[in-house]
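Okay, here's what each chain looks like letter by letter:
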Amino acid sequence: MLVLDLDGTVCLGDTPVLLYAERVAALTAVPEALLEAAQAFLGKRLPESAPKTLTGAQDGYEAVKILGLAAGVTEEQLSAAYVLSRAEMSECPGDIRTPEGLADLLAGIDAHRVILTNSPGSGLDAILEHLGVRDVVDEVCADALKPTRMKGHLDAFLDAAGATDAPEWLMSVGDIWRNDLGPAVERGCVAAYVDAFDRRQGPAHVRAGSLVDLYPAVSDWSSDPSSFIAAHPLKESVHVENTQ
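Residues numbered from 1 in each chain as written. Predicted model: local features only at pLDDT ≥ 70, side-chain atom pairs only at ≥ 80, totals over all residues. Heavy atoms only, no water.

Visitor: Summarise the confidence of the model for the protein; cite the residues concerned and give the values.
Guide: Across the protein, pLDDT averages 92, with 95% of residues at or above 70. Considering only residues more than four positions removed or in separate chains, one finds that residues 237–244, a stretch of pLDDT under 50, has 18 contacts. (pLDDT = per-residue confidence, 0-100. Contact = heavy atoms within 4.5 Å.)

Visitor: Please give an account of the side chain of Lys146 that cites residues and values.
Guide: In this fold, Lys146 is placed in the loop between β3 (139–141) and α8 (150–160). Overall, Lys146 belongs to the buried group, its relative accessible area being 8%. For Lys146, the side chain forms a polar contact with the side chain of Asp5, separated by 3.0 Å. The residues touching Lys146, leaving out its near neighbours within four places in the chain, are Asp5, Leu116, Thr117, Asn118, Asn179 and Asp180. (Helix = DSSP H or I, 4+ residues; strand = E, 2+ residues; numbered from the N terminus. Buried < 20%, exposed > 50% of the residue type's maximum accessible area, 1.4 Å probe, protein only. Polar contact = N/O pair within 3.5 Å; in protein donor to acceptor, adjacent residues only side chain to side chain.)

Visitor: Give a detailed account of the nonpolar core, specifying residues and quantitative values.
Guide: Core analysis: the largest hydrophobic core is formed by 35 residues, its most contacted members being Leu2 and Met171. Where this core is concerned, the elements lending two or more residues are β1 (2–4), α6 (102–108), α7 (124–131), β4 (171–174), β5 (190–194), β6 (206–208) and α10 (215–223). Leave out the neighbours within four places in its chain, and Met171 touches Met1, Leu2, Val3, Val190, Ala192, Ala217, Val218, Trp221 and Phe228. Counting residues in each nonpolar core, the second largest holds 22 residues, with Tyr20, Ala50, Tyr61 and Ile66 among its members. (Core = buried A, V, L, I, M, F, W, Y, C linked by side-chain atoms within 4.5 Å.)

Visitor: So what's going on with the sheet that holds β5? Which residues, and what values?
Guide: Reading across from one edge, β3-β2-β1-β4-β5-β6 is the order of the six strands in this open sheet, with parallel pairing throughout. The sheet is open, and its two edges are formed by β3 and β6, each paired on a single side. When the angles between neighbouring strand axes are averaged without regard to direction, this sheet yields 15°. Examined bridge by bridge, β4 and β5 share four bridges and lie parallel to one another. Within β5, the residue paired with Gly174 across the bridge is Tyr193. Packed onto the sheet, α10 meets β1, β4, β5 and β6 and runs at close to 165° relative to β4. (Pairing = 2+ DSSP bridges. Axes fitted to C-alpha atoms, helices over the stretch in contact; angles between N-to-C directions.)

As structure tokens, then:
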């Protein structure tokens with residue numbers, strides 16, 4: 001079973017974060033400042049004066065959350081802004097896209113393919129249709145509440161597949177270690193880390209700066225999970241070089 005995160009893994013592009021940033025910025029006294037900081041983060045060009053908490057953000061969503069909280073936006077307001085931004089994205093997808101060749105990869109592997117996302121279910125089908133992957137995934141799980149419920153999801157997937165005692169038959173792919181990979185490592189599943197910001201937050205069986213660079217690993221794993229995990233022992237920093 002291949003479990004794929006959505007944002008930052010399957011779904012690329014700045015539109016989702018910028019829509020969220022616009023919603024959050026509207027709740028602040030100086031919206032332009034928050035938007036400029038969010039754009040700088042996405043462009044990997046933060047000034048030295050940027051808060052240290054921002055430079056360590058795992059992705060654009062966390063960066064916007066940090067900026068919003070610093071500007072006095074509440075957790076409840078942030079959650080509402082996120083939901084509104086996702087509804088907007090389903091109608092105005094902007095620059096969202098998948099990594100090149102992803103649909104072909106998913107169509108060609110022998111595995112049950114799942115998208116597991118914290119995104120709300122409303123509008124998600126339209127987003128997946130726009131991305132061109134709706135027909136090459138077998139299951140979509142929204143409102144996943146990762147990382148809190150991630151281990152429970154993994155247990156349920158393994159149980160459904162009859163692989164409770166063979167966790168290597170599940171590969172979790174994602175860009176946020178604590179959400180997508182930490183629970184998988186704890187459960188004994190295969191962890192494939194899309195480390196776009198080179199955070200190296202924790203161990204994985206394979207790691208790369210983009211999902212494209214992990215395609216060979218996904219294919220090898222799907223052919224023989226047991227041999228794959230034996231050949232790729234868990235390490236703190238396993239980086240797959242770009243061979244394209």
